[in-house]
Amino acid sequence: MTTKRDAGDELSFLPSPDHTMLVGLASLVGLISALAASTLHIVTELLGTLFLAPERLLELADPSSAVHLLLRDELDRVRLVEPIGGAVIGLSIMGLGVHRTRRRASREPAGERARKRSRALLVGAVLIGAALLYTGLSYARCVSVAIDSERLGVPPLFEATPAWKLYLLAALGGVALGYLRRAIPPNEPSDVPRIMAAVALRSGAMSAKPGATFALGSMVTVSVGGSVGLEGPVVVAGATTASWLGQRLSLNRERLRVLVAAGAASGIAAAFNAPIAGVLFALEIIIGEFALTTFTPVVLASVIGTVMHRALEGEHAIFPNATF
């Protein structure tokens, strides 16, 4: 005999604890992707200036130089409220993790204690690391703006660099990239198509090492004059970091796929300053579905990635309108 269920039982007005956890992790992944995008852009500019025009960096030490005065003005605008707040939240989450770990250990036999740690410890540690990285990037951006007040980027420096120096930098960069390429296993995702394949065939299970190596190689390539972009590495770094975090937190296959899609979405959003494009790219290309449980984490990660990237690098368009 079957009982008649009320229609209201089929409607879930409140999210489940698992979905709430997934949304929180997607927010953290969006923050990480935005920091990865800013790291690539800012460090590439600093490396390019160091390789091509080191005299600009030396001017920072001269108190009477215009570069030094501009740096002081930029440093006065740095706000530490956000990273301090993030670090406090991270410490609170880690404290909760310590409490849960001790409570679990008290219930287990003496020989099995301290084997199961709370997942809150890892989440809190990642949030504290993100707060520290945000602080470092804020000061690094001040240096980048001071040495390039017109925000022209690395390419204009090549015009004023002697040809012999460009050849030497290209040769040294090629040698460095060869060693970096050997550090990436052949079957690990190191570009966007392989990210798509990993999501389709392995539910998004990936290692974080290829993404970090790919990002480092792109920074070196652009700094020595290579013709590549920094947008692809941001997507790979966001997706692989999300996969690494999800695997360490023992997420199931479906939630891991969603978290990787959120990492890719926030990477696109932060790299191109385009949150809607990041959402559509992740839902259509990476994960291939528009379910509500998938839509919410991806949108939130994309929005947070865009907001954090704008907070670090300003609200300028990546592709400005051409004037005819």
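Let me begin by describing the structure that accompanies this report. (Residues numbered from 1 in each chain as written. Predicted model: local features only at pLDDT ≥ 70, side-chain atom pairs only at ≥ 80, totals over all residues. Heavy atoms only, no water.)

Remarks on helix α8 (residues 192-202)
The periodicity of an α-helix, 3.6 residues per turn, causes residues three or four positions apart to be oriented the same way.
And then number 1: Here α8 has its buried residues at V192, I195, A198 and V199. Projected down its long axis, α8 carries its buried residues within an arc of 110°, all on one side. The outward face of α8, more than 90 degrees from its buried face, is lined by the exposed residues P193, A200 and L201.
And then number 2: For α8, the secondary structure elements touched by its buried residues are α10 (231-248), α11 (253-272) and α12 (275-287).
And then number 3: One or two steps after α8, the chain reaches S203, where phi turns positive at roughly 55°. (Buried < 20%, exposed > 50% of the residue type's maximum accessible area, 1.4 Å probe, protein only. Helix = DSSP H or I, 4+ residues; strand = E, 2+ residues; numbered from the N terminus. Arc of directions from axis to C-beta. Contact = heavy atoms within 4.5 Å.)

Re a nonpolar patch on the surface
And then number 1: A contiguous nonpolar surface patch, about 400 Å² in accessible area, is contributed by L75, L80, I84, V88 and Y139.
And then number 2: By the secondary structure assignment, V88 is in helix α4 (residues 81-107).
And then number 3: We classify V88 as partly exposed; its relative accessible area is 45%. (Patch = residues over 30% accessible without salt bridge, like charges linked within 9 Å, V, L, I, M, F, W, Y side chains within 5 Å. Areas by Shrake-Rupley, 256 points an atom, 1.4 Å probe, with all protein chains shown as cover. Salt bridge = Lys/Arg side-chain N within 4 Å of Asp/Glu carboxyl O.)

Remarks on the pattern of salt bridges
And then number 1: In total, this model carries 3 salt bridges according to the counting rule given.
And then number 2: Measuring nitrogen to oxygen at the nearest pair gives 3.5 Å for the salt bridge that ties R77 to E74.
And then number 3: Note on R77: relative accessible area 60%, which makes it exposed.
And then number 4: Judged by relative accessible area, E74 falls into the buried class, the value being 11%.

Structural notes on the side chain of N273
And then number 1: Within the element layout of this structure, N273 appears in the loop between α11 and α12.
And then number 2: By relative accessible area, which is 15% here, N273 ends up buried.
And then number 3: A distance of 2.6 Å separates a polar atom in the side chain of N273 from a polar atom in the side chain of R310. (Polar contact = N/O pair within 3.5 Å; in protein donor to acceptor, adjacent residues only side chain to side chain.)

Interpretation note: all reported values are geometric properties and have no functional meaning in isolation.
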